[in-house]
Amino acid sequence: MGASVITQERPTSQPTAKPVGIFRAIGTAHRTTWRRPQFYVLVVGAMQVFLLLIAIPVIRLLYGLVLLQTGLGSIAYDRISHVLRNPFADLTLLLIAGVAVVAITGELVTLFILASHHQDGDSTSFRLVLSQFWERIKKLVHPQGLLIII
């Protein structure tokens, strides 16, 4: 009876890619960003118009309601306890925070969608961005998505 020799093959290590230097990464980002800059400028401009025409006026209106409910002319550090004792003012402040979170989340989701398409080299359009925006928002309206927002 012969002795059997068990041979173990060592896994060969794959050559790792050389890390990209900071200057090379900046150069690549600069070259790829300017492929279609008009679309990105339009989308970012549309987001800013949304913030200026809808989100900021709603926040100002709600802040005015807080001042009206508390009878103050402005909220200062020494008057914050007066504001926090009023339950309607507290709810309105929470509503202000909610509007701000929705506006910021919408802006970030849009930017992430654009970055994903840009990185993959896919073409983008307003219709495509809007459809993917609603898909991502639907995923965020979930208890786990709410934890991400918080």
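Numbering of residues starts from 1 in each chain and follows the order in which that chain's sequence is written. Two thresholds apply to this predicted model, a pLDDT of at least 70 for residue-level local features and 80 or more for giving and counting side-chain atom pairs, whereas whole-chain, interface and lining totals are computed over all residues. Side-chain measures were taken over the full set of non-hydrogen atoms in the model, leaving aside hydrogen atoms and water.

A few words on the nonpolar core. Working definition of a nonpolar core: buried Ala, Val, Leu, Ile, Met, Phe, Trp, Tyr and Cys residues. They are joined through side-chain atoms within 4.5 Å. Only protein chains enter the accessibility calculation, which uses a 1.4 Å probe. A residue is then buried if its area is under 20% of the maximum for its type, exposed if over 50%, and partly exposed in between. The biggest cluster of nonpolar side chains holds ten residues, and these are Phe39, Tyr40, Val43, Val109, Ile113, Leu114, Val129, Phe133, Ile137 and Leu140. Sorting the residues of this core by element identifies α2 (37–70), α4 (87–120) and α5 (126–140) as the ones contributing at least two each. The contact criterion used throughout is that any non-hydrogen atoms of two residues lie within 4.5 Å. The contacts of Ile113, once residues within four sequence positions are left out, are Val129, Gln132, Phe133 and Arg136. If you look at the next biggest cluster of nonpolar residues, it comprises seven residues, including Leu62, Leu67, Ala89 and Ile96. Secondary structure elements are defined from DSSP: runs of H or I of at least 4 residues count as helices, runs of E of at least 2 residues count as strands, and each element is numbered from the N terminus.

Note on definitions: salt bridges are taken to be side-chain nitrogens of Lys or Arg within 4 Å of carboxyl oxygens of Asp or Glu. Here the structure, examined in full by the defined rule, presents one salt bridge. Between Glu135 and Arg136 there is a salt bridge; the shortest N-O distance is 3.7 Å. Residue Glu135 is classed as partly exposed on the basis of its relative accessible area, which comes to 43%.

With respect to the helices, strands and loops of the structure, Gln132 is situated in helix α5. Owing to a relative accessible area of 16%, Gln132 belongs among the buried residues under this scheme. When sequence neighbours within four positions are dropped, the list of residues in contact with Gln132 reads Ile113 and His117.

Here Arg85 is to be found in the loop between α3 (80–84) and α4. Its relative accessible area of 62% is what places Arg85 among the exposed residues. As a C-alpha pair, Arg85 and Thr70 span 15 residues in sequence and 9.1 Å in three-dimensional space.

Another aspect to go through is the packing of aromatic side chains. Working definition: an aromatic ring pair is given by the centre-to-centre distance plus the angle between the planes. When two rings of Phe, Tyr or Trp (its six-membered ring) have centres within 6.5 Å they constitute a pair, described as stacked for plane angles under 30 degrees, edge-to-face for angles over 60, and tilted for the intermediate range. Counted according to the given criterion, the structure contains one aromatic pair. Here Phe133 and Trp134 contribute two aromatic rings whose centre-to-centre distance is 5.5 Å and whose plane-to-plane angle is 80°, an arrangement assigned as edge-to-face.

Moving on to the confidence of the model for the chain. For the chain, per-residue confidence averages 78 on the pLDDT scale, and residues scoring 70 or more make up 77% of the total. Confidence of the prediction at every residue is given by pLDDT, a number between 0 and 100. Mean pLDDT per element in the chain: helix α6 (residues 143–149) is the minimum at 70, and α2 is the maximum at 88.

Candidates for patches are residues over 30% relative accessible area with no salt bridge; among them, like charges are joined within 9 Å and nonpolar side chains (Val, Leu, Ile, Met, Phe, Trp, Tyr) within 5 Å. We get accessible surface area from the Shrake-Rupley algorithm with a probe of 1.4 Å; when it comes to residues, only the shown protein chains can shield them. Residues Val49, Phe50, Leu52, Leu53, Ile54, Ile56 and Val58 make up a contiguous nonpolar surface patch of roughly 620 Å² in combined accessible area. With respect to the helices and strands, Leu53 occurs in helix α2.

Our focus in this paragraph is α2. In this scheme, a helix's expected span is set at 1.5 Å multiplied by one less than its residue total. Between its first and last C-alpha, α2 extends 47 Å over 34 residues, near the 50 Å set by a 1.5 Å rise per residue. Fitting axes to the seven residues ending at a residue and to the seven starting there, one defines the bend at that residue as the angle between these axes. Along α2, the largest kink reaches about 35° and is centred on Leu51. For α2, the set of buried residues is Pro37, Phe39, Tyr40, Val43, Met47, Leu51, Ala55, Leu62, Val66, Leu67 and Thr70. Of the residues trailing α2, Gly71 is marked for its positive phi of about 75°.

Moving on, we come to the side chain of Asn86. If you trace the backbone, Asn86 turns up in the loop between α3 and α4. Sequence-distant contacts of Asn86, defined by excluding residues within four places in its chain, comprise Gln69 and Thr70.

Next up on the list: the environment of Leu93. Take Leu93: it is sitting in helix α4. Judged by its relative accessible area of 28%, Leu93 is partly exposed. Between the C-alpha atom of Leu93 and that of Leu62, which follows or precedes it by 31 residues, the distance is 7.7 Å. The contact partners of Leu93, leaving out residues within four places of it in the chain, are Val66 and Val83.

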